[in-house]
Amino acid sequence: VTGAIVQTVILDSLGEAYASADLANGARQFRRCQSCHTLDAGGRHTVGPNLHRIIGRPAASADRFSFSGQLEDAGLTWDLETLDAWIANPRTLVPGNRMSFVGLRDPEDRRDLIAYIAVESAVE
C-alpha cells in the first residue's frame, strides 16, 4: 500500500498529464533503454549514463561519463518537456549527439516511460 501511495504522490507531482500514466507500460518501454542505461541508485554507466533521478538535472552532468560535445554544449535541463522531446527523437533535439536510439513516436509511451523513470528513481 505504501508503494502505491508513493507512486501516486510522485505522479501527481509531475502534473495532471502524468497522473494517469501506465507504469507497467513504462516498464515495458524502459526495456528498450536498459541495453544502454541503468536506473538504480548508484547504478553503473554502460553505453549510456545511469538515469537515476535524471528529472531536473542538467544534461551531460552525470559524473564519470563521457558525453558528446553537442550534448554538453546544448545547455539543456532534463525537465519533463525536454525529456519528452529527447525520447521522441534525440537526433532532432540535439543534432550530432551520440545516442543511437531512434525515438518513441507515441506520446503516451513517452509519458509512461518518463513516469516510470520518475517512480523508479524515487527508490534509494
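Heads up: the structure comes first, above all this text.
Criteria and cut-off values
Residues numbered from 1 in each chain as written. Predicted model: local features only at pLDDT ≥ 70, side-chain atom pairs only at ≥ 80, totals over all residues. Heavy atoms only, no water. Disulfide = S-S within 2.5 Å. Salt bridge = Lys/Arg side-chain N within 4 Å of Asp/Glu carboxyl O. Helix = DSSP H or I, 4+ residues; strand = E, 2+ residues; numbered from the N terminus. Buried < 20%, exposed > 50% of the residue type's maximum accessible area, 1.4 Å probe, protein only. Core = buried A, V, L, I, M, F, W, Y, C linked by side-chain atoms within 4.5 Å. Contact = heavy atoms within 4.5 Å. Arc of directions from axis to C-beta. Polar contact = N/O pair within 3.5 Å; in protein donor to acceptor, adjacent residues only side chain to side chain.

A.B. asks: How should I be thinking about the state of the cysteines in this particular structure?
C.D. replies: Structurally, a disulfide amounts to a covalent bond that connects the sulfur atoms of two cysteines. With the rule as written, the count across this model stands at 0 disulfides. C33 takes part in no disulfide bond, and the closest cysteine sulfur, belonging to C36, lies 8.7 Å away.

A.B. asks: Can you help me understand the pattern of salt bridges in this one?
C.D. replies: Side-chain pairing between opposite charges can occur once the charged atoms of the two side chains come close. Using the criterion set out here, one finds 2 salt bridges in the structure. Put simply, R110 and D84 hold a salt bridge, and the shortest N to O gap is 2.8 Å. You can see R110 sitting in helix α7 (residues 107-121) and its partner D84 sitting in helix α5 (residues 80-88), a full 26 residues away along the chain. Exposure remark for R110: the relative accessible area of 10% places this residue in the buried category. When its relative accessible area of 23% is taken as the criterion, D84 is described as partly exposed. In this structure, R111 and D112 form a salt bridge, with 2.7 Å as the shortest nitrogen-oxygen distance. Side by side, R111 and D112 carry an identical accessibility label, which is buried.

A.B. asks: Looking at this structure, how should I read the nonpolar core?
C.D. replies: Across soluble globular proteins, nonpolar side chains show a tendency to be buried alongside one another. If you look at the biggest cluster of nonpolar residues, it comprises 30 residues, and the most contacted ones within it are L11, F30, L71, W78 and L113. Within the residue set of this core, elements represented by two or more residues are α1 (2-14), α3 (23-30), α5 and α7. Tallying contributions element by element places α7 first for this core, with 7 residues. Ignoring anything within four residues of it in the chain, the contact list for L113 reads G26, Q29, F30, C33, I87 and L104.

A.B. asks: Even after reading the chapter, I still don't get α3, so can you show me in this structure?
C.D. replies: Every α-helix carries 3.6 residues per turn, so stepping three or four residues along brings you back to the same face. Here α3 has its buried residues at L23, N25, G26, Q29 and F30. Within α3, the buried residues cover an arc of 155° as seen down the axis, which keeps them to one side. Sitting at the amino-terminal end of α3 is D22, which places a side-chain oxygen 3.1 Å from the backbone nitrogen of A24.

A.B. asks: Looking at this model, I keep getting lost on the side chain of N25. Mind explaining?
C.D. replies: Residue placement: N25 occurs in helix α3. Of the residues examined, N25 reaches a relative accessible area of 9% and is grouped as buried. Reaching out from N25, the side chain makes a polar contact with the side chain of D112 at a distance of 2.7 Å. Non-local contacts of N25, meaning those with residues more than four positions away in its chain, are made with E108, D109 and D112.

A.B. asks: Mind showing me how you'd approach unusual backbone geometry here?
C.D. replies: Even without glycine at this site, A60 takes up a positive phi of about 60°. Turning to its location among the elements, A60 is positioned in the loop between α3 and α4 (69-73). With phi around 60°, R64 is a residue other than glycine that occupies positive phi space. With respect to the element layout, R64 can be found in the loop between α3 and α4.

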